[in-house]
Amino acid sequence: ASDVGRGLRWQCRVLGEKAKPVRSKPGKYHFEDFETNLVPRILWDVIENLHNEHLPYEEIADITDLSPDVVCQYLEAKEDYRRRMDEKRREMGEDSCAELKWHQTLALLVGH
């Protein structure tokens, strides 16, 4: 079964038993995390927020005590990462998902 935001899961129940059905853990999409050694992690949000406020690289560099070249390289690397992740999401079909549902009876030997 597929629940919105929970991914694909399966459920198993033993016929004739009064126990609750067992469910698998939700499926998850795994995407690589953004990593860079150019800038300390604590400055990532600061740089991005200042960039979103349309401050020039030189001003962002003054505020964060980095060089303008490092700020530019960081923002280019972050934008490249976002582009790759968007492309992966499109390839995996996250933008066009369909709900799946089926019922199947399997014969299983269960020991007590």
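Calculation criteria
All chains use their own residue numbering, which begins from 1 and follows the written sequence. Side-chain atom pairs in this predicted model are given and counted only at pLDDT of 80 or more, local residue features only at pLDDT of at least 70, and totals for whole chains, interfaces and linings cover all residues. Only hydrogens and water are removed before side-chain values are computed, so all heavy atoms of the structure are retained for them. The helix and strand labels rest on DSSP assignments: H or I over at least four residues marks a helix, E over at least two residues marks a strand, and numbering proceeds from the N terminus. Here, residues are in contact when the closest pair of their heavy atoms is within 4.5 Å. What makes a salt bridge here is a side-chain nitrogen of Lys or Arg within 4 Å of a carboxyl oxygen of Asp or Glu, nothing more. Accessibility here uses a 1.4 Å probe with only protein chains present; expressed as a share of the type maximum, an area under 20% marks a residue as buried, one over 50% as exposed, and anything in between as partly exposed.

Asks: Residue-level account of the environment of V39, with values.
Replies: For V39, the location among the structural elements is in the loop between β4 (22-23) and α1 (44-52). Between the C-alpha atoms of V39 and Y74, which are 35 residues apart in sequence, the distance is 7.1 Å. When residues no more than four places from it in sequence are discounted, the contact partners of V39 are W44, I47, L66, V70 and Y74.

Asks: Give a detailed account of the pattern of salt bridges, specifying residues and quantitative values.
Replies: Counted under the stated rule, the structure contains four salt bridges. Note that E48 and K78 form a salt bridge whose closest N and O atoms lie 3.6 Å from each other. Of the two residues, E48 is situated in helix α1 and K78 in helix α3 (residues 68-92); the sequence distance between them amounts to 30 residues. A relative accessible area of 13% places E48 in the buried class.

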